[in-house]
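Now for the letters of each chain:
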Amino acid sequence: MQKAIFTFFLLFQLVAFSQNDQLALDYFEKGEFDKALTLLEPLAEKQPSNSFYFDKVLFCYQQLQQYDKAGELIAKRSKRYFQPYLFIEEGYNWQLQKQENKAHKKYEEALKSIEDNPNYAYQIGSAFDKKVLPEWALKAYQKGQELNPNLNFDYQIALLYGQMGQLDEMTNKLLDYAYHKKESAVQVQSYLTRFLIDEANESFSNSLKKALIIRTQKNPDIFWNEFLSWYYVQQKDYGKAFIQEKAVFKRDPESLYNIISLAKMAVEDQQTTEATSMFEFILANTQNTSLQVEAEHFLMQSKIDSADKKEYPALAEEMDLLLKKYGFTPYTLDLQILTAHFETFYRNDASSGIALLQKSLELPLNTRQSSKIKMELADIFLYDEKFNQAILYYAQIEDNLKNDEMAHQASMKMAKANYYKKDFDWALQNVKMLKQSPSLLIANDALELFLLIQDNSSTEDSTHIALQAFSEADLKLYQNKKADALQGFLQILERHKGEEIEGATLMKIGQIYQDFKNYDKALVYYNTILTEHKDGVYIDEALFFSAELYNKFLSDPEQAKAFYEKIIFEHQDSIYYTDARRQYRILRGDTNI
């Protein structure tokens, strides 16, 4: 019985102790230091070796300006334990009282303890750093390394230089640290990225580049080529990154992994020329069939994108030869899909595209592979205006790959199919949920279609005359029948001028003229959006496309800068903001940013 009572009493004390502990921390976090003290002091007394409670009580005394009590607490602990960081606590307590001389004497005592034992350097340097005393922390780490060269505080020293704004010194220390501890390279690069994206440090990028180039020249170690390649990737300068990766490959031709990754990044950022060079290099330097097919696929896609109609028969023959060379297997699915797409959308032969892909579905495929084939089949049925069949395939992909990005793409395409079918109510229901998609591109497309249908579905026009005409012209554009689409949009502009549909129509016409390389006309329509639809949803697109035309095709950097600048300062939530900022800085002359 007595044992049970004792156990109960012990458990009661533990629960009460835990509750006091939590309540004390709650008061502490809220800044109610006087209330926190009443609970923390007893806890610290019961556990004198516990530095956690000691630190909390000391902080409360200092926040309440009870500096004498703080000094007594430090002195009491110093008698019980020899901990060099207590010199810093004592010095900081004097510093809070504006007695700098006394504070510095204690800081010097802390540094002197490193002379007795260099291993104290990390504890002391860290304590100075926590008190935001970077100059003293720097002295501690440097002294430790001087007395024991086996100690390496390059990373800590680099961060201190960064705090003090000495970025060149920070960079050199970080690079030295990464080279001597190569497993830390990713950590160092992650830290450097913070400064690269900070526009307040515009000279930092150039300084880092210079430091890396000097190391590459002085020390021909592939580590520096890889680091310099990483730097160029941050700048999205994939051509220069490729030069470094080729240098690495020549000395270590075991793997093309980095060049493959680089090529894919170049594709994503639409740097087609650079990506083409990389895939040609991959094709020339691998015997891996899968990599060869991937390279051939991209190179063929690039040829299609830049080809004239008269070149289509030769391209069709080339694709046929590629399928014969690599075989009609699950490993060449992407080539099969590209061939079907080319036959349909470029040669206007949907039946050939469908036949090819139905043959592909007979191959031994996994769920994802068959879904890729069905996605293209659905796209072709949509091209052929067989809306229900297209919707059926999109629905199958949704069911087979729930919550997958491909399923979200299928959902978006299903919404578009209903829109082309002129079932606007159902399309609107489709896109309502997709506006919250984790994919920014899908969410943006869903929002654009949602606004288009909603804004042009007034009660006065229950037949959706303007929206139906817009959907028909938009379907022609999807079918790659741009001349027909242009005529349709021009008729809408003529018949529905001043109506809600006008802004979207102007944007479509501008884009088609841009595709036709009639840049002056494209600018006219973009400018109409900028002047007559200032509050519309297409304003940032019109600004960005105008800037791109002036920058890349009309050789007028000043005009381009003006448009990029408007996006940067007036449309920071735009999906074009990042690209606009980068192009603006390049045009401004910050070519190394």
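Read on for a plain summary of the structure. Small disclaimer: the values here were computed from a predicted structure and weren't measured.

Our focus in this paragraph is the overall build of the chain. Summing up its helical and strand segments, the chain has 32 helices and zero strands in all. Its C-alpha atoms give the chain a radius of gyration of 33 Å, more than 25% over the compact-globule value 25 Å for 593 residues. Overall, the C-alpha framework of the chain stretches about 90 × 65 × 60 Å when taken along its three principal axes. Residues counted as buried form 45% of the 593 residues belonging to the chain. A separation of at least 24 residues holds for 50% of the contacts in the chain among residues at least 6 apart in sequence. Approximately 31800 Å² of the chain is accessible, and the part contributed by carbon and sulfur atoms is 49%. For the chain, the distance from the average site of its 67 positive side-chain charges to the average site of its 86 negative ones is 5 Å.

Considering all chains together, one arrives at 44 aromatic pairs under this definition. Centroid distance Y155 to Y191: 6.5 Å. Interplanar angle 65°. Geometry classified as edge-to-face. Taken together, the positions of Y155 in helix α9 (residues 154-163) and Y191 in helix α11 (residues 185-196) put the pair 36 residues apart, joining distant regions of the chain. The same class applies to Y155 as to Y191, namely buried. The rings of F345, Y383, Y419, Y420, F424 and Y478 are connected pair by pair, giving a single aromatic cluster. When the ring centre of F242 is taken as reference, the NZ or CZ atom of K246 above it lies at 4.6 Å. A cation over an aromatic ring shows up here: K435 above the ring of F450, its NZ or CZ 3.8 Å from the ring centre.

Quick look at helix α15 (residues 257-268) now. In this model α15 runs 17 Å from its N-terminal to its C-terminal C-alpha over twelve residues, within 8% of the 16 Å that 1.5 Å per residue would give. Buried residues of α15: I259, I260, L262, A263 and A266, and no others. In a view along the axis of α15, the buried residues occupy a sector of 160°, so they form one face of it. Facing away from the buried surface of α15 by more than 90 degrees, the exposed residues are Y257 and E268. Close packing links the buried residues of α15 with α13 (222-234), α14 (238-251), α16 (272-284) and α17 (289-306). Of the residues trailing α15, Q270 is marked for its positive phi of about 60°.

A few words now on the side chain of T216. Inspection of the secondary structure puts T216 in helix α12 (residues 204-218). Taking the relative accessible area as the measure of exposure, T216 reaches 18% and is therefore buried. If sequence neighbours within four positions are ignored, T216 has contacts with W224, N225 and L228.

Right, let's talk about unusual backbone geometry for a bit. With a phi angle near 55°, V132 is a residue other than glycine that sits in the positive phi range. Here V132 shows up in the loop between α7 (121-130) and α8 (134-147). Not every positive phi belongs to a glycine, and N480 is a case in point at roughly 65°. Structurally, N480 can be placed in the loop between α26 (465-478) and α27 (482-495).

All told, the structure shown has 26 salt bridges when counted by the stated rule. With a closest N to O distance of 3.3 Å, D320 and K324 form a salt bridge. Of this pair, D320 and K324 both sit in helix α18 (residues 312-326), four residues apart, which is roughly one turn of the helix. With relative accessibility at 36%, the residue D320 sits in the partly exposed group. With a relative accessible area of 62%, K324 lands in the exposed category. Note that E502 and K497 form a salt bridge whose closest N and O atoms lie 3.2 Å from each other. For E502, a relative accessible area of 5% corresponds to the buried category. What you see here is one network of salt bridges that share partners, running through E90, K106 and E109.

The rules behind these values
Residues numbered from 1 in each chain as written. Predicted model: local features only at pLDDT ≥ 70, side-chain atom pairs only at ≥ 80, totals over all residues. Heavy atoms only, no water. Helix = DSSP H or I, 4+ residues; strand = E, 2+ residues; numbered from the N terminus. Rg over C-alpha atoms; globule rule 2.2 N^0.38 Å. Buried < 20%, exposed > 50% of the residue type's maximum accessible area, 1.4 Å probe, protein only. Contact = heavy atoms within 4.5 Å. Areas by Shrake-Rupley, 256 points an atom, 1.4 Å probe, with all protein chains shown as cover. Lys, Arg positive; Asp, Glu negative; His and termini not counted. Charge placed at Lys NZ, Arg CZ, Asp CG, Glu CD. Phe/Tyr/Trp six-rings, centres within 6.5 Å; stacked < 30°, edge-to-face > 60°. Lys NZ or Arg CZ within 6 Å of the ring centre and 35° of its normal. Expected span 1.5 Å × (residues − 1). Arc of directions from axis to C-beta. Salt bridge = Lys/Arg side-chain N within 4 Å of Asp/Glu carboxyl O.

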